[in-house]
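Report on the structure
So the chains spell out like this:
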Amino acid sequence: MKKNIRETTPSKVENFWLTTSKRKLIYPDYEYIPVIEVDNYPSLGKMTAQRFLEWVLENPDGVISLPTGKTPEYFIKWVTHYLNNWEDKKVKQELEASGIEISKKPSLKNLHFVQMDEFFPINPEQRNSFYYYVNKFYIENFGLDRNKALFIDISTMGFIQGKTIGDIFPDQIVDLSLRTNQPKTNLERLQKEAIHQIDRWCMNYENSIRSLGGIGFFLGGIGPDGHIAFNVRGSSYYSVTRLTKTNYETQAAAASDLGGMEIARKRLVITIGLSTITFNPNVTALIFAAGEAKAGIVADAIQHPKDNVYPATILNNLKNARFYITKGAGCRLVAGQYENLKKSATLSSVQKDQYIIDYALGKDKRLEDIKIEELKTDPFTTVICEKYDGDPGTLLLNVKKGIIDKLNAGRMRITDKNFLHMAPHHDDIMLGYLPYIAHLVRPDSNKHTFAYATSGFTAVTNSYVLNLLTKLEQWLLTGEYKELQEEGYFQPHNKTGKDRDVHQYLDGVAARSQSMKDAGEARRLLRNLSILLEENNVTQISNRISEMKQYCSTQYPGKKDIGYIQELKGMMREWEADLMWAHFGFHSDSVKHLQLGFYKGDIFSEMPSKQHDVLRIYTLLEETNPDIVTVALDPEGSGPDTHYKVLQGISEALKMFEKKRPDIEVWGYRNVWYRFHPAEANIYVPVSLNSMAILEHTFENCFGSQREASFPSPELDGPFYKLSQKIMVEQYQSIKTCLGRDFFSFHESPRVRAAHGLVFLCRMTLPEFFQHTIDLKKFIEDRA
């Protein structure tokens, strides 16, 4: 069935990028919005920057609205690079080749800038406000004229004279029911009046945009629920600039900006509406997205007719609307998938298994119940049948056999191996494959080292630190520390004392004694403060504790911490990892904390440095000489960007170490941010209810900073272990569908019969692993 197609002509820049892409601008049988696809994240930024400058040259007095967040990182870098190096010969050649007129450097001073959204309430001077972001990265970097900009600046909204936003909303909670409900207190009367004033301000803001003719160039990201600007799922197509609520997915995505879910749940937003974006029918409206984690919502937006469940479908009728995406973000676009499959010269085992398994899951049928004739009714499996080089009758049998082989690999006893388990953050390994660890650690002949690439300090809230510091003060008053201090227990290099901290806490877990756990926690915190402050005098440390409590009480949530607070928060996360591995009998010398330098808590984090970060990983490889290295194998743009950057650092270190150990195996795992398709994994580990209970117990008792789910996944409202278990169960259900219930219920192995979940892993040789990663040097050179 043909879609509702309107005339659309790509620009010169878009034509240039289309020639490098393997797809058409639009596949009208499947898509409603044109798409241009590039290989990776930096290229996405480059293409978007070139299209923006092309538009500016044609519309020097136009109206623009640009996004905030992490996705614009390379857009900002490339625009800045081009503007600062316009006369450079190489830059001119590159711009001219892409179709840009280079005779005159574009001036952005006459452009009108429109801020598209903001949290409410928030102090615009805070560095996590969008007002701060757009001023720093767009007004200053691009040389825009502030006097021609429209800002969502709460300080200009004209609240009741003599009252600040903090006076009116002292608990930061804005009750929009006061728009219609009668106020019951004097404070509620003030709040009702303030809400009406904000509504008037929003109406005037909308009128100001429309008086300029509407937005001429709109660039936006797409949220986990499909929102553009803050127009969340279900927003009206006729919505205008307004103060409004968000939804859980949007709050979870904003938690890292705002300092935790506790804050994000309270925040409302001011956002331009969907009709604001589309008011100008000639608007160049671009949505850009990177990474496989966005693939589902991207596909929904592009492949659906107009539907307010998918806010971006409002762009369907705009002739200049586009999606700019990476290959990962486009991996669920049906037309592109089909075209790539048709063009494949050979059929990989992953392709074969993927489409056959998808067919079985779609039909909810066992593989053995599917007939070859059925496969020829589906376009994808028809191509699989055509390209399959064996007897068509064996196709389904081979897919089934492959699944069983993967299950057998997951229950095989492994001995005499040296493991280096690597993770970006301190809970990544446990969330990825803790049920497998429980089996791998049983043979004494196996050796295990657990290494964490970053300090993970950004996942620790100020309120959590404040609570631990308060408990430490109370413990110090008991005087229990004195005898320990006299024996040198808290000396920085006292490894035995460090392990005793852990055993004290775990003895408390076993005894169900909160006081024993608190004592172990306090010991480690005092030890860490002694190291951090280079101070052994408890009186002096107590004074510094008071300073830290004052800091944690007065800093706005989400603000980048000062250096020693970052270190303290990192130490708290290291303590959590030490506790976890002590559950399995490992002392702290088996747990390595690399604290790679690229991890700084900035909006745009650096790539790992070869001279420092990669070298530290390489040194660890030399020290441990592993047979198997495990890595978080998350695609680019999926989950925290730290995961992908750590992956690149490990890859570079293994390329250096390959000369000494070309036989190393790499096991890729995924956890709550992204998951393997069953065809991509080659080890399926059965997970019993007992293993799930261990996962929950270990998480709840070890990861105190994560227990309240301050920085959750948009997929599930709760702590990460619950999402990890949910994923394991879903993976089991998919394989149970393919093989049938009886396969598990009557299997000869108790481990398989007890399974109610599966962990998926991908085992690779070094050359296979390097295909999943990039050349770090080339990536850095591509970043402008």
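Read on for an overview of the structure. (Residues numbered from 1 in each chain as written. Predicted model: local features only at pLDDT ≥ 70, side-chain atom pairs only at ≥ 80, totals over all residues. Heavy atoms only, no water.)

Taking 1.5 Å of rise per residue, 15 residues should cover 21 Å, and helix H13 (residues 349–363) covers 21 Å from first to last C-alpha, within 8% of that figure. Gln351, Lys352, Asp353, Gln354, Tyr355, Ile356, Ile357, Tyr359 and Ala360 are the residues of H13 that are buried. Where H13 is buried, its residues touch helix H12 (334–343), helix H14 (372–375), helix H15 (379–387), helix H16 (395–410) and helix H27 (720–739). Asp364, located one to two residues past H13, shows a positive phi value of around 55°. (Helix = DSSP H or I, 4+ residues; strand = E, 2+ residues; numbered from the N terminus. Expected span 1.5 Å × (residues − 1). Buried < 20%, exposed > 50% of the residue type's maximum accessible area, 1.4 Å probe, protein only. Contact = heavy atoms within 4.5 Å.)

Spatial ordering of the open sheet is given by S1-S10-S9-S6-S2-S3-S5, a layout of seven strands whose pairing is parallel. Two strands close off the open sheet at either side, each with one partner strand: strand S1 (35–38) and strand S5 (149–150). The pairing of strand S2 (residues 63–65) with strand S3 (residues 112–114) spans two bridges and is classified as parallel. Opposite Val63, over in S3, you have His112 as the bridge partner. Sheet strands touched by helix H1 (residues 12–20): S1 and strand S10 (321–326). Its angle to S1, the strand with the most contacts, is close to 55°. Contacting S1, strand S9 (284–289) and S10, helix H11 (residues 295–303) runs over the sheet at an angle of about 155° to S10. (Pairing = 2+ DSSP bridges. Axes fitted to C-alpha atoms, helices over the stretch in contact; angles between N-to-C directions.)

What H1 keeps buried is the set Val13, Glu14, Trp17 and Leu18. Summarising the axial view, the buried residues of H1 lie within an arc of 135°, below the 170-degree limit, and thus occupy one face. Those residues of H1 that are exposed and angled more than 90 degrees off the buried face are Lys12 and Thr19. On its buried side, H1 packs onto S1, helix H2 (41–58) and S10. (Arc of directions from axis to C-beta.)

What follows concerns the side chain of Ser65. Here Ser65 shows up in strand S2. The exposure class of Ser65 is buried, given its relative accessible area of 0%. Those residues within four positions of Ser65 in sequence are excluded, and the remaining contacts are Val114, Met116, Ile215, Phe217, Phe218, Leu219 and Ile272.

Another point: the pattern of salt bridges. Two side chains of opposite charge can pair, provided their charged atoms sit close to one another. Inspection of every chain in the model, using the stated rule, returns 46 salt bridges. Residue Glu730 pairs with Arg675 through a salt bridge whose shortest N-O separation is 2.8 Å. Taken as a pair, Glu730 in helix H27 and Arg675 in the loop between strand S15 (665–669) and strand S16 (683–688) lie far apart in primary sequence, 55 residues in all. If you follow the salt bridges from partner to partner, you end up with Glu14, Arg51, Glu54 and Arg322 in one network. (Salt bridge = Lys/Arg side-chain N within 4 Å of Asp/Glu carboxyl O.)

What the rule picks out here adds up to 39 aromatic pairs. Taken together, a centroid distance of 5.5 Å and an interplanar angle of 50° make the contact between Trp55 and Phe217 tilted. Here Phe217 lies in strand S6 (residues 217–220) and Trp55 lies in helix H2, a separation of 162 residues in the sequence. The exposure classification of Trp55 matches that of Phe217, with both residues buried. One aromatic cluster is present, formed by Phe52, Trp55, Phe75, Phe113, Tyr133, Phe137, Tyr138, Phe142, Phe217 and Phe604 through successive ring pairs. The ring of Phe137 is capped by Lys136, whose NZ or CZ atom sits 5.7 Å from the centre of that ring. (Phe/Tyr/Trp six-rings, centres within 6.5 Å; stacked < 30°, edge-to-face > 60°. Lys NZ or Arg CZ within 6 Å of the ring centre and 35° of its normal.)

All right, on to the sheet that holds strand S12 (residues 447–452) then. The strand order across the open sheet formed by seven strands is S13-S12-S11-S14-S15-S17-S16, and the pairing between neighbours is mixed. A strand with exactly one partner marks an edge of an open sheet, and here the two such strands are strand S13 (591–593) and S16. In this sheet, neighbouring strand axes are inclined to one another by 25° on average, regardless of whether the strands run parallel or antiparallel. Sheet topology places S12 next to S13; three bridges connect them, and they run parallel. Residue pairing for S13: Phe450 is matched across the bridge by Val591.

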